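# Chain and residue survey
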Amino acid sequence: MMNAVPISLNDFFQLLLFGGILAIVLVMIPVQIVSKLRRLRRKRTRAICRICGYRFLRPENQTIFSCPHCGVHNKA
């Protein structure tokens with residue numbers, strides 16, 4: 001049978017505080033990494049026209065493409 005370890009009220013609140021900080025860190029780091037990866041992938045597949053500001057999907061493997069809204073040529 002396991003013996004219960006007596007813990008003071010001060011130790012309990014310290015463990016609660018450090019546990020909360022650890023839980024936030026363990027959630028925020030993966031969220032930040034996934035957010036960065038999504039942003040990089042979105043940057044590769046989407047473009048913003050330099051003249052009218054229209055956002056559109058960029059054609060693959062093309063360095064120069066035209067805006068579907070105003071027709072201006074944009075560079076990747």
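Remember, predicted model here, so these are calculated numbers, not experimental data.

### Some remarks on the overall build of the chain
Helices and strands together make up the secondary structure of the chain, namely one helix and four strands. Secondary structure elements of the chain, listed N to C terminal, follow the sequence α-β-β-β-β. Taking 11 Å as the expected radius of gyration for a compact globule of 76 residues, we find that the chain reaches 25 Å, considerably beyond that expectation. Dimensions of the chain, computed from C-alpha atoms along their principal axes, come out at roughly 75 × 25 × 15 Å.

### Examining the nonpolar core
What tends to happen in soluble globular proteins is that the nonpolar side chains get buried as a cluster. Grouped together as the largest cluster of nonpolar side chains are five residues: Ala-47, Cys-49, Phe-56, Phe-65 and Cys-67. Setting aside its immediate chain neighbours within four residues, Phe-56 contacts Thr-45, Arg-46, Ala-47, Ile-48, Cys-49, Phe-65, Ser-66, Cys-67, Pro-68 and Asn-74.

### Quick notes on a positive patch on the surface
Together, Lys-36, Arg-38, Arg-39, Arg-41, Arg-42, Lys-43, Arg-44 and Arg-46 make up a positively charged patch on the protein surface. The greatest single-element share of the positive patch, amounting to seven residues, is contributed by helix α1 (residues 9-45). As for its position among the elements, Arg-41 is in helix α1. Here Arg-41 falls in the partly exposed class, since its relative accessible area comes to 48%.

### Overview of the confidence of the model for the chain
Mean pLDDT over the chain: 91, with 99% of residues reaching 70 or higher. Averaged pLDDT values for the elements of the chain fall to 87 in strand β4 (residues 73-75) and rise to 95 in α1.

### Quick look at the packing of aromatic side chains
For the coordinates displayed, the defined rule picks out three aromatic pairs. With centroids separated by 6.3 Å and ring planes inclined at 15 degrees, the aromatic side chains of Tyr-54 and Phe-56 adopt a geometry described as stacked. We classify Phe-56 as buried; its relative accessible area is 9%.

### Overview of the state of the cysteines
Within the structure shown, the criterion is met by zero disulfides. Left unpaired, Cys-52 is separated from the closest cysteine sulfur, that of Cys-49, by 3.7 Å. With a relative accessible area of 35%, Cys-52 lands in the partly exposed category.

### Concerning the side chain of Asn-74
For Asn-74, the location among the structural elements is in strand β4. Every residue in contact with Asn-74, bar those within four places of it in the chain, is listed here: Ile-48, Cys-49, Arg-50, Phe-56, Thr-63, Ile-64, Phe-65 and Cys-67.

Parameters and conventions
Residues numbered from 1 in each chain as written. Predicted model: local features only at pLDDT ≥ 70, side-chain atom pairs only at ≥ 80, totals over all residues. Heavy atoms only, no water. Helix = DSSP H or I, 4+ residues; strand = E, 2+ residues; numbered from the N terminus. Rg over C-alpha atoms; globule rule 2.2 N^0.38 Å. Core = buried A, V, L, I, M, F, W, Y, C linked by side-chain atoms within 4.5 Å. Buried < 20%, exposed > 50% of the residue type's maximum accessible area, 1.4 Å probe, protein only. Contact = heavy atoms within 4.5 Å. Patch = residues over 30% accessible without salt bridge, like charges linked within 9 Å, V, L, I, M, F, W, Y side chains within 5 Å. Areas by Shrake-Rupley, 256 points an atom, 1.4 Å probe, with all protein chains shown as cover. Salt bridge = Lys/Arg side-chain N within 4 Å of Asp/Glu carboxyl O. Lys, Arg positive; Asp, Glu negative; His and termini not counted. Charge placed at Lys NZ, Arg CZ, Asp CG, Glu CD. pLDDT = per-residue confidence, 0-100. Phe/Tyr/Trp six-rings, centres within 6.5 Å; stacked < 30°, edge-to-face > 60°. Disulfide = S-S within 2.5 Å.

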